[in-house]
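Listed below are the residues making up each chain.
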Amino acid sequence: MAKLLNVENPTNTIRKDTLELDFVGEHALSIPTFKMLDDNGELYKGAQKSSMDKETAIRIYETMRFIRVFDERMLAAQRQGRVSFYMQCLGEEAAVTGSAAALEDKDMIFAQYREQAALAYRGFKLEQFMHQMFSNEKDFGKGRQMPIHYGSKELNYSTISSPLGTQIPQAAGYAYGQKLKGDGACTICYFGEGAASEGDFHAGLNMAAVHNSPTLFFARNNGYAISTPASEQFKGDGIAVRATGYGMKAIRVDGFDALAVYEAVKMAREYSVKNNAPVLIESIAYRLAAHSSSDDPTGYREKEEEETFRDNCPVERFRKYMVKQGWLDEAEDEKVKEQIKVQVLDALKVAEKVAKPALEEIVTDVYEEVPAHLQKQYEQLKAHILKYPESYPATASRIGESK
Amino acid sequence: MAKMNMLQAINSALAIAMEENENACIFGEDVGAFGGVFRATSGLQEKFGKDRVFNTPLVEQGILGFANGLAAQGTLAIPEIQFADYIFPAFDQIVNETAKFRFRSGNEFNVGNMVIRTPYGGGIHGGLYHSQSPEAYFAHTPGLKLVFPRNAYQAKGLLAASLESNDPVIFFEPKRLYRASVGEVPEGKYTIPLGKAEIVQQGEDVTLLAWGAQVEMLEKAAEMAEKDGISCEVIDLRTVAPWDVETVTASVIKTGRLVVSQEAPLTGGFASEIAATVQEECFLHLESPIERVCGLDTPYPLAHEKEYMADHLKVYEAIKRSVNY
């Protein structure tokens, strides 16, 4: 133990001095992982008591069940060439749904791209998911972004942006605005452990910490950034430990455990809103699925590794808990799963027949009003399409239709 | 009316916006008690409090990322980037996020409540990292408005309009003129419309076009040319994107000649965009090739700043080439 000298210092740090020459090790701080539920859906011996009521538990379970069925069907639809792209939540359903459940509706969500379960928990409808994926005229994003780039003003879910990590400092700014307005709300920001390597991660956490912004940074450490394993992504004790460097509280939680995630985020939310301070939450889970429908994980990881984690199924674990609580009828559960499959297919068939957005949407929303040069470019494009209608069949027949 | 320099005019526009919008925030490196590196935000923290006028950490991508979130939340965000030369760490947040927020979400979300203020341009012996005019990079990105004042009066009115705009604006402040440009400026609020060029001086023989500090070079060159019997029409573009094609082309159709000048390097600069559009719109009216008077295609030098700049003499020579073609 080093002999410490206490000396006043003018910097914004709590600093002690020593005469002993030694490094501080890279594992000086190791953060434990908070757990409640074991694989059998039983509370660990000595685990803390759950504060989750039946209604919330049912809504969490229903969301996870829906997302799992939905993901499976949509990946199949992508394989059939009906949807151009898809990303599954597989393996992280509990992390995403459990955290979303711990929030209030007025809280803002800035997601990365694998958090469709949070949006579903908020009430985004099956049809709305489908319209976005088919880039049709009912898509809130007006067919401008790739599939899975959802967004909903009504549900306080900021539209997904493709560049990685850009939402991190934005969440800090959004939360700062919430604080100024004094509405007792906060902002949660999801990102993967890979995105935590981006400059925006540092920028965002530092800004939030310095400006006392009620932001919940939720790092989904799922082991892989596309093909790069966490071991090639960072050194040291994961993502959570970095919070200490920013002067911020942190908690690490078992991302397969919906109960534990719920309690952790609930506590973080309460602390954040009360103290106007950010919190970093690290969920430890495993991305069971491929990164996206364009990725093939057999090229970079062993099947055995995936199988190990398949046994840690977060949905199954919570299902067992629900059954033990007497909150779920297993026969009924199977029936509902089948019903969801049918509903998803029905919604898909409807959405794929909905027309594309009007051609005019190509120039709207660039600015609040369409400026003259864009109006001119649009008129030129329209005239061109009308000259070669057979080459632009989706739009040629609809030009002139009023919106 | 009061005598104000450009910094005082900017400060006055900011103070009015802060009074009108109870949550509006000004933030950036050193903008708090210190009042910013050029003192444009002097006294504002004292007046509006540390929650609304604050120093940020030294992180441009953080400032702009934070601003994007704050504006998306509905609060008027007025970030300052200390020098336009230092805007590049925030480039991704501006071109991929600020500029596309509304379009990508189908207007579910937008960051129209944002004005990024940044001092730009040469003439202050700043060398290659304190003198750049990076507007062309941003003009290439749909969704941003780029505004340039040429004097104190314009600065206050254009900034007030930018702060009211529902589109994100980058407000480029010519730092060479911060203290040099002094004029009569109303103490109350007024706005000058964005997207509108101003004909600063009517003329018959040749149209001279520039924006920001460069307009001063046009005025001096026009004065010299007048002694040679050449009548110049001087236009201040004021908004670089989206720009006022109509005013510019109407003038070129009248004069038959165009000299366009910018501080930034020649290749790929906004002057080239203007030249392309004008030849398309005014081809049969042109009496001579469009002249571009720009910075060299080199980084901005320190010792040879005077030689490097697209000064009034270079503009004057271009005017003569154009008229005598």
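No experiment lies behind these values; they were computed from the predicted model shown.

What counts, and where the lines are drawn
Residues numbered from 1 in each chain as written. Chains lettered and ligands numbered in written order. Predicted model: local features only at pLDDT ≥ 70, side-chain atom pairs only at ≥ 80, totals over all residues. Heavy atoms only, no water. Phe/Tyr/Trp six-rings, centres within 6.5 Å; stacked < 30°, edge-to-face > 60°. Helix = DSSP H or I, 4+ residues; strand = E, 2+ residues; numbered from the N terminus. Buried < 20%, exposed > 50% of the residue type's maximum accessible area, 1.4 Å probe, protein only. Lys NZ or Arg CZ within 6 Å of the ring centre and 35° of its normal. Pairing = 2+ DSSP bridges. Contact = heavy atoms within 4.5 Å. Axes fitted to C-alpha atoms, helices over the stretch in contact; angles between N-to-C directions. Expected span 1.5 Å × (residues − 1). Polar contact = N/O pair within 3.5 Å; in protein donor to acceptor, adjacent residues only side chain to side chain.

## Focus: the packing of aromatic side chains
Aromatic ring pairs: the centre-centre distance and the angle between the two ring planes describe each pair. Residues and elements named next belong to chain A. Taken as a whole, this structure holds 37 aromatic pairs over all chains when the rule is applied. Centre to centre, the rings of Tyr224 and Tyr300 are 5.6 Å apart; their planes meet at 45 degrees, and the pair counts as tilted. With Tyr224 in strand 8 (residues 224–225) and Tyr300 in the loop between strand 11 (279–284) and helix 10 (303–310), this pair connects stretches of sequence that are 76 residues apart. A relative accessible area of 9% means that Tyr224 is categorised as buried. Look at Tyr300 and you get partly exposed, because its relative accessible area is 22%. Among the aromatic residues, ring-to-ring pairing joins Phe66, Phe70, Tyr86, Phe124, Phe129, Phe140 and Tyr150 into one connected group. Of note, Arg59 hangs over the ring of Tyr121, and the distance from its end group to the ring centre comes to 4.0 Å.

## Observations concerning the sheet that holds strand 10 (residues 249–254) of chain A
All names here are of chain A. The parallel open sheet is built from 7 strands, whose spatial order is 3-10-11-7-6-4-5. Looking along the sheet, the strands with just one partner apiece sit at the ends: strand 3 (33–34) and strand 5 (157–158). Both strand 10 and strand 11 contribute to a ladder of 6 bridges, which runs parallel. Bridged to Asp254 within strand 11 is Ile284. Sheet contacts for helix 2 (residues 93–101): strand 6 (187–192), strand 7 (215–221) and strand 11; angle to strand 6, the most-contacted strand, approximately 170 degrees. Running over the sheet, helix 6 (residues 199–210) touches strand 6, strand 7 and strand 11 and is turned about 150 degrees from strand 7.

## Concerning helix 1 (residues 6–20) of chain B
Residue and element names in this part refer to chain B. The end-to-end C-alpha distance of helix 1, which contains 15 residues, comes to 21 Å, matching closely the 21 Å that a straight helix rising 1.5 Å per residue would cover. The element helix 1 is extensively covered by neighbouring structure, given that 12 of its 15 residues are classed as buried. All of the buried residues in helix 1 are Met6, Leu7, Ala9, Ile10, Asn11, Ser12, Ala13, Leu14, Ala15, Ile16, Ala17 and Met18. Between a side-chain oxygen at the N-terminus of helix 1 and the backbone nitrogen of Leu7 the separation is 3.0 Å; the capping residue is Asn5.

## Some remarks on the sheet that holds strand 9 (residues 198–201) of chain B
Residue and element names in this part refer to chain B. Spatially, 9-11-10-13-14 is the arrangement adopted by the 5 strands of the open sheet, whose pairing is mixed. Where the open sheet ends on each side, the last strands, each with one partner, are strand 9 and strand 14 (291–295). Going from strand to strand, the sheet's axes swing by 25 degrees on average, the running direction of each strand aside. Of the pairings in the sheet, the one linking strand 10 (residues 206–210) to strand 11 (residues 232–236) comprises 5 bridges and is parallel in character. Looking at the pairing, Leu209 lines up with Ile235 of strand 11.

By themselves these figures say nothing about function.
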